[in-house]
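Chain by chain, the residues run as shown.
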Amino acid sequence: MYAEERQQSIAELISSRGRISVADLSSTYGVTTETVRRDLAVLDRIGVVRRVHGGAVPASALTSSEPGVGERENTRAEQKDAIAAAALAFLPPSGGSAVLDAGTTTGRLAALLTSDRELTLITNSIPIAARVAPLNGIALRILGGRVRGTTQAAVGEEALAALEWLRVDVAFIGTNALSVGHGLSTPDSDEAAVKRAMVKTANHVVVLADSTKIGREHLMSFARLNNIDVLVTDEEIDDTDHKSLTDNGIEVVIA
């Protein structure tokens with residue numbers, strides 16, 4: 001295989017996998033790691049991939065832009081529904097407390113809550129608050145702050161100040177991306193700060209993310225893998241990613 005053919009094949013593989021390591025590429029193509037790094041350097045220069053620690057991701061994975069709630073609501077809806085249903089098992093016992101992060105998958109979890117569940121629920125999401133407010137058994141607290149139009153989530157100093165003094169049983173966290181090297185990440189720094197505070201306030205952290213988020217990286221990291229207890233994802237997760245996450249002590253639940 002000529003270098004140009006190998007580079008094209010590598011680009012296609014990274015596009016489909018989301019992220020791949022130098023070692024895996026070396027094994028797949030039967031070339032040295034030095035050759036792989038040269039190939040990745042070429043692909044990085046022309047804007048096809050972006051090199052990250054230990055490997056590469058698609059160029060589109062490293063971006064400061066993010067789709068709005070309306071666009072994301074209909075993306076991989078079936079997988080998100082399954083993830084939300086599986087996440088119900090991690091709700092605390094009656095009388096417990098939880099933080100519910102803003103997001104379309106966490107929003108689906110909120111939609112599954114019922115009036116007969118006694119729960120103190122804290123959220124920064126306007127849509128989630130609207131869904132939960134009519135439920136008699138749930139004591140709802142909504143975080144204040146500036147509301148981002150893109151995610152309809154409250155962010156800023158008011159939200160951070162409220163979270164600083166809280167301790168909850170479980171935090172259900174959404175993420176734009178998840179990788180071994182960069183942890184959980186999102187494009188916006190204000191959103192990342194609130195997510196970071198939510199993770200810190202919880203005794204148990206459950207991440208809800210479909211498999212397309214895994215292996216990707218965004219601008220702002222808000223949690224390392226050792227901050228996560230459980231990842232609930234879909235059955236399309238790559239075997240290599242599954243092993244990497246479990247090797248890092250995360251319980252991976254396939255919805």
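Here the structure is shown first, and the text comes after it.
Definitions and cut-offs
By convention here, each chain's residues receive numbers from 1 onward along its written sequence. Since the coordinates come from a predicted model, pLDDT governs what is reported: local features require at least 70, and pairs of side-chain atoms require 80 or more to be given and counted, while whole-chain, interface and lining totals use all residues. Working from all heavy atoms in the structure, the side-chain values ignore hydrogens and water. Helix numbers and strand numbers start at the N terminus; a helix is a DSSP run of H or I with at least 4 residues, a strand a run of E with at least 2. Strand pairing requires that DSSP identify at least two bridges connecting the strands. The convention used is that axes are lines fitted to C-alpha atoms, helices contributing only their stretch in contact, and that angles between N-to-C directions extend from 0 to 180 degrees. Here the nonpolar core consists of buried residues drawn from Ala, Val, Leu, Ile, Met, Phe, Trp, Tyr and Cys, with membership extended through side-chain atoms lying within 4.5 Å. We call a residue buried when its accessible area falls under 20% of the maximum for its residue type, exposed when it is over 50%, and partly exposed in between, using a 1.4 Å probe and counting protein chains only. We call two residues in contact when some of their heavy atoms are within 4.5 Å. When a carboxyl oxygen of Asp or Glu lies within 4 Å of a side-chain nitrogen of Lys or Arg, that pair is called a salt bridge. Here a polar contact is taken to be a pair of N or O atoms separated by no more than 3.5 Å, where protein atoms must pair a possible hydrogen donor with a possible acceptor and residues adjacent in sequence count only if both atoms sit in side chains.

Peer 1: Which parts of the structure should I look at to understand unusual backbone geometry?
Peer 2: A negative phi holds for most residues other than glycine; trans holds for most peptide bonds. One non-glycine residue, Q152, adopts positive backbone phi at about 55 degrees. Examined against the element boundaries, Q152 turns out to sit in the loop between β7 (146-148) and β8 (153-155).

Peer 1: Help me out: how do you make sense of the sheet that holds strand β15 (residues 251-254) in this one?
Peer 2: Pairing between the strands of a sheet comes from backbone hydrogen bonds, and it takes one of two forms, parallel or antiparallel. Pairing in this open sheet of 7 strands is parallel, and the strands run β6-β5-β4-β9-β12-β14-β15 from one edge to the other. Lying at the two open borders of the sheet, with one neighbouring strand each, are β6 (138-142) and β15. Between one strand axis and the next, the sheet turns through 20 degrees on average, direction left out of account. The pairing of strand β14 (residues 230-233) with β15 spans 4 bridges and is parallel. Each bridged residue has a counterpart across the sheet, and for L231 the counterpart in β15 is V252.

Peer 1: Got a minute to help me understand the nonpolar core in this structure?
Peer 2: Across soluble globular proteins, you tend to see nonpolar side chains buried next to one another. Core analysis: the biggest nonpolar cluster contains 30 residues, and I173, L184, V207, L231 and L245 have the highest contact counts within it. Residues contacting L184, with those up to four places away along its chain left out, are I173, T175, A177, L178, V207, M220, S221, F222, A223, L225 and I228. Within the second largest apolar cluster, 23 residues are counted, among which are L121, F172, V206 and L208.

Peer 1: Would you mind going over the pairing of strand β2 (residues 49-52) with me for this structure?
Peer 2: Looking along a regular strand, one sees side chains alternate from face to face of the sheet. Bridge count for β2 against strand β3 (residues 55-58) is 4 bridges, and the pairing is antiparallel. Each bridged residue has a counterpart across the sheet, and for V52 the counterpart in β3 is G55. Connecting β2 to the antiparallel partner β3 that follows it, the hairpin turn spans 2 residues, and G54 within it adopts a positive phi of roughly 85 degrees.

Peer 1: Where do I start with the environment of L112 in this structure?
Peer 2: Along the chain, L112 turns up in the loop between α6 (104-111) and β5 (119-123). L112 gets classed as partly exposed once you look at its relative accessible area, which sits at 38%. Separated by 30 residues in sequence, L112 and I142 place their C-alpha atoms 18 Å apart. Residues contacting L112, with those up to four places away along its chain left out, are A84, A85 and L88.

Peer 1: In this structure, what is going on with the pattern of salt bridges? I would like to understand it.
Peer 2: Close approach of charged atoms allows side chains of opposite charge to pair. Considering all chains together, one arrives at 12 salt bridges under this definition. For the salt bridge of D210 with R76, the shortest nitrogen-to-oxygen distance reads 3.0 Å. With a gap of 134 residues between them, D210 in the loop between β12 (202-208) and β13 (220-223) and R76 in the loop between α4 (69-73) and α5 (77-87) connect regions that are remote in the sequence. Of the two residues examined, D210 and R76, each falls in the buried class. Between E191 and R148 there is a salt bridge, and its shortest N-O distance comes to 2.6 Å. Of the two residues, E191 is situated in helix α9 (residues 189-201) and R148 in strand β7; the sequence distance between them amounts to 43 residues. The same class applies to E191 as to R148, namely buried. Among the charged side chains, a network of salt bridges with common partners joins R76, D210, K213, D234 and E236.

Peer 1: For this particular structure, what's the right way to read α6?
Peer 2: An α-helical turn contains 3.6 residues, so a residue and the one three or four places further along point in the same direction. Across the 8 residues of α6, 7 count as buried, placing the element largely inside the fold. Every buried residue of α6 is accounted for by T104, T105, T106, G107, R108, L109 and A110.

Peer 1: What's the story with the sheet that holds strand β1 (residues 20-21) in this structure? I'm lost.
Peer 2: Strand order in the open sheet formed by 3 strands is β1-β3-β2, with antiparallel pairing between adjacent strands. The sheet is open, and its two edges are formed by β1 and β2, each paired on a single side. Strands in contact with helix α3 (residues 33-45) are β2 and β3; relative to β2, the strand with the most contacts, it is inclined by about 130 degrees.

Peer 1: What am I meant to see in the environment of T33 here?
Peer 2: With respect to the secondary-structure elements, T33 resides in helix α3. T33 has contacts with V22 and S26, leaving out every residue within four places of it along the chain. One polar contact links T33 to E34, side chain to side chain, over a distance of 3.3 Å.

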